[in-house]
Amino acid sequence: MAKILIVEDEVKLARFVELELMHEGYEVDKAHDGRAGLEMAEQGDYALLLLDVMLPGLSGLELLRRLRRSKDTPVIVVTARDAVMDKVTGLDMGADDYITKPFEIEELLARIRATLRARQPAQRAPEEETIASGPLALNISRHEVRYGGEEISLTNREFSLLQTLMQNKELVLTREQLLEKVWGYEWAGDTNVVDVYIRYLRQKIDDHFGVKYLYTVRGVGYAFREAQGEED
Ligand code: CA
């Protein structure tokens, strides 16, 4: 399981987050000041750093700046409310994301999952990875979708949505699940956006090729199923 380093001088908060992360199955280390945090981050093999900005010894941003000389470990910066400059500076210096105190643990967990997920493709070996269903083939590494030999032009979001549905073939996914998987935490709007993108995919695949892959399950969500052909 992924190992996370919490760099946070508020001992109680660090302990609370540690327990929550452990409950989610992560391994956790903690540091309570900037210098110890930097040393651990440089020497350890962490999947992610949760990095408070206001730290004794060495500020979180300075820690991040120094860490980036040698390591590309994903970092979520924890800033005080309204510390806009810290967010901007943190992202400029190579943080993957930020979260503002006080935060809900669910939001933190969602951001951690999204950050770990976002880093996955770059770390994965560049092998050819294709998901196919009949003539429809989605090539993850080449970011390409074909039906028969014909290439289907999809936007990044359409591609991610189709990939998610195909990876969960025959399973019904709710709009909320699709939002979480495809749009991630950053989507603050309503779930109608899922319907809109399903419509785009239907136009480009089902309607265009006279097949049916994309099913609406009323009151639940959507499912990708093996194509039934034109008579369906
Ligand atoms: Ca602090």
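The rules behind these values
- Residues numbered from 1 in each chain as written.
- Predicted model: local features only at pLDDT ≥ 70, side-chain atom pairs only at ≥ 80, totals over all residues.
- Heavy atoms only, no water.
- Domains from an automatic or database assignment.
- Contact = heavy atoms within 4.5 Å.
- Salt bridge = Lys/Arg side-chain N within 4 Å of Asp/Glu carboxyl O.
- Donors = N, O, S within 2.8 Å, 3.2 Å for Na, K, Ca; no water.
- Helix = DSSP H or I, 4+ residues; strand = E, 2+ residues; numbered from the N terminus.
- Buried < 20%, exposed > 50% of the residue type's maximum accessible area, 1.4 Å probe, protein only.

Some words on the domain arrangement of the chain
Right, so step 1: The domains assigned to the chain are domain 1 (3–123) and domain 2 (130–229).
Right, so step 2: Between domain 1 and domain 2, the C-alpha centre-to-centre distance is 33 Å.
Right, so step 3: Contacts between domain 1 and domain 2 engage six residues on the former and four residues on the latter.
Right, so step 4: For the pair domain 1 and domain 2, the number of links is one salt bridge.

A look at the coordination of the calcium ion
Right, so step 1: Around the calcium ion, the protein supplies Asp9 (OD), Asp52 (OD) and Met54 (O) as donor atoms, at distances of 2.1 to 2.3 Å.
Right, so step 2: Along the chain, the residues donating to the calcium ion are arranged with the sequence spacing D-x42-D-x1-M. Pair noted here: Asp9 is in the loop between β1 (3–7) and α1 (11–23) and Met54 is in the loop between β3 (48–52) and α3 (60–67), with a separation of 45 residues, a long-range link.
Right, so step 3: Using a relative accessible area of 30% as the deciding quantity, one classes Asp9 as partly exposed.

Notes on the pattern of salt bridges
Here the idea is simple: oppositely charged side chains can pair when their charged atoms come close.
Right, so step 1: The final tally for this structure, using the stated rule, is 18 salt bridges.
Right, so step 2: The partner of Lys101 in a salt bridge is Glu8, with the nearest N and O atoms 3.1 Å apart. With Lys101 in the loop between β5 (97–100) and α5 (105–123) and Glu8 in the loop between β1 and α1, the pair connects residues that are 93 residues apart, well separated along the chain. For the residue pair Lys101 and Glu8, the accessibility class agrees, reading buried in each case.
Right, so step 3: Residues Glu62 and Arg65 are paired through a salt bridge, measuring 2.8 Å at the closest nitrogen-oxygen approach. Of this pair, Glu62 and Arg65 both sit in helix α3, separated by three residues, roughly a single helical turn.
Right, so step 4: According to the relative accessible area criterion, Glu62 is partly exposed, its value standing at 21%.

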